[in-house]
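Structural overview
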Amino acid sequence: MASRRPTLRLFAQCKTKSQFNNTWTPRRTASSFQSSGSARQAFSNSRNYLTLAAAGLAVTTTLSYKMAVEDPIRCDTPTLAERDQQTKREKGVTDASPMRLRMEKFVKEQQKEIVRALEEADGTPFRVDEWQRKEGGGGITCVLQDGKVFEKAGVGVSVVYGTLPKPAIIKMRANHKNLAQDDNIPDSLEFFAAGLSLIVHPKNPMAPTVHLNYRYFETANPDGSSGAWWFGGGSDLTPSYLFDEDAIQFHKSLKEVCDAHDKEYYPRFKKWCDEYFYNKHRGESRGIGGIFFDDLDETVSDKENTFAFIQDALKSFAPNYISIINKRKDMSFTEKEKEWQQIRRGRYVEFNLVHDRGTAFGLNTPGARVESILMSLPLTARWEYMYEPQPKSREARLVEVLKNPKEWV
C-alpha cells in the first residue's frame, strides 16, 4: 500500500481540469463521429491525455518502487505517555494497571481529600490550576493564600514523562544497578515520575508549618513495560514555637504507620529525615523532623507492599495535622513572636533553595513549571543580621532541639 499511494497521487495530477470537462462519450454513433470535426478533435485530445497518463503511470511505478525499497515509510513507535493515554481511554485504571497509573490515580484522589480538609479548617477555597507538559504528563496545583488560618498552603500533583540521557543513567546507577547492565548502557531511557507535594504555612506562629511529599519513579522498557522502579517521600513538622505534645503526636502517628509494615522503617526513616532536612551552613535542622526515605525498591520490599505503605502514610496525614492546627490556630501571640516566626521561615527558605534535591530536580527538568515547584516558599520571611535568641527563652529552646534532634517516641 505504501508504494501505491505515491503512484495514485501522481496519476491524479495528470488529470487536468479540461480533461474532466471533456464531452466525449463512447455512446455516440460512428456516423456522428465522422461528421463532427469537434468530436474528432475531442477524440484526439482524449488519446493524448491517456498517453500522458500511461507515461506518468509507468514513471511513477518505477519511482514508487524505488521509494518503497530504498526509503520505506517508517511508523514512529508510540511514547510511554501515548501508550498510557491509550490505556486509560480504553481500560481505565484498575488494580491490574501498571503501577505508574495506579500511583497517579491515588495521589490525585488524595489531593482532593487533603484540599477538602484544609479548606474546612480555613474556610477559604483553594485556587486550582491544571496544566500540561508538552513532553508528556502535567499536573494540578492547588494554592490557598492569605486565608483565615493559613498564610499559604499548596497541594500539588505532578506527572512527568521524559527521557534520561546516557550521562544521567550512568549517574543514577550508583543507587540503582538494575537501571541498566554494565556492558549495555543505552543512549537513553524513557522514564515516568509522579508525586504529591504539600506545604502549609499557618498565620499563627504557635501553629507549625508542615511539609509532605510522596512520589514514584520508574523507567520503561522499549515495549512500555516497567523497568527499574522506586518510591520516595515522607512528612516533617517545622514549628516556630515547640509544643512537645504536638511533636509526640506527629511522630507517634508516623511510627504507627511504619510499624504496621516494617518495625525497622520508623527508626531508619526518622534518622534519614533528621539528616536530610539539615541546614549545613547553619548547623541546625529545618524542623523537628518526621520521616524521610528515598529509593525504596525491590531490595527493600516488593512493589505492592511498598505501595501499600505509601498509601497508608499519605492517608494518615490530614487527620494528624488538622488536629494539631485546631489546637493552635486561635492562640494569642505577640508581635515579637510573629517576628520570630518570620526569622524561622527565612531558615526554611534557605534549605529549600540551597539544599533540597527535589527543588533542584524540578527546576532542572525540561518543561518545568516554576510556579508549582516554588509554591513551597512562604509569602513572608525575614532575615536579621547576627540574630540570636535570648538565652533560656522559648526561641532558644527550639534552636537547641534543632541542633540536637530528639527521639520523640
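First, a word on scope: everything that follows refers to the structure included in this document. (Residues numbered from 1 in each chain as written. Predicted model: local features only at pLDDT ≥ 70, side-chain atom pairs only at ≥ 80, totals over all residues. Heavy atoms only, no water.)

In this structure, F150, L196, L198, F231 and F309 are the most contacted members of the largest nonpolar core, which totals 71 residues. Excluding anything up to four places from it in sequence, F150 contacts L118, A121, D122, L144, V200, H201, P202, K203 and I325. I169, A180, L189 and A193 belong to the second largest nonpolar core, which has 11 residues in total. (Core = buried A, V, L, I, M, F, W, Y, C linked by side-chain atoms within 4.5 Å. Buried < 20%, exposed > 50% of the residue type's maximum accessible area, 1.4 Å probe, protein only. Contact = heavy atoms within 4.5 Å.)

Another aspect to go through is the environment of D129. Take D129: it is sitting in strand β1 (residues 127–132). As a C-alpha pair, D129 and G139 span 10 residues in sequence and 8.2 Å in three-dimensional space. (Helix = DSSP H or I, 4+ residues; strand = E, 2+ residues; numbered from the N terminus.)

Strand order across the open sheet formed by 7 strands is β1-β2-β3-β4-β5-β6-β9, with antiparallel pairing between neighbours. Both edges of this open sheet fall to β1 and β9 (289–296), since each of them pairs with a single strand only. On average, each strand axis in the sheet is tilted by 10° relative to the strand beside it, whichever way the strands run. In this sheet, strand β3 (residues 150–165) lies alongside strand β2 (residues 137–145) in antiparallel orientation, the contact comprising 9 bridges. Bridged to G137 within β3 is V160. With respect to the sheet, helix α10 (residues 303–315) is in contact with β4 (188–202), β5 (209–220), β6 (226–238) and β9, its orientation differing from that of β6 by roughly 25°. (Pairing = 2+ DSSP bridges. Axes fitted to C-alpha atoms, helices over the stretch in contact; angles between N-to-C directions.)

With that out of the way, let us pick up the environment of R394. Topologically, R394 is positioned in helix α15 (residues 394–403). For the pair R394 and L242, spaced 152 residues apart in sequence, the C-alpha separation works out to 7.6 Å. Residue contacts for R394: discarding those within four places in its chain leaves M206, Y241, L242, F243 and E337.

The buried fraction of β9 is high, at 7 of 8 residues. With 6 bridges connecting them, β6 and β9 associate as antiparallel partners. Within the sheet, the bridge partner assigned to G233 lies in β9 and is F293.

Looking at the element boundaries, S372 is found in helix α14 (residues 370–373). Side chain to side chain, S372 and T141 meet in a polar contact 2.6 Å long. If near-sequence neighbours (up to four positions away) are discounted, S372 is found in contact with W131 and T141. (Polar contact = N/O pair within 3.5 Å; in protein donor to acceptor, adjacent residues only side chain to side chain.)

Moving on, we get to the side chain of D236. Relative to the assigned elements, D236 resides in strand β6. Within the structure, D236 has its side chain in polar contact with the side chain of H211 (distance 2.8 Å). For D236, the side chain forms a polar contact with the side chain of R286, separated by 2.9 Å. Contact partners of D236, with chain neighbours within four places excluded, come to T209, V210, H211, F250, C273, F277, R286, G289 and G290.

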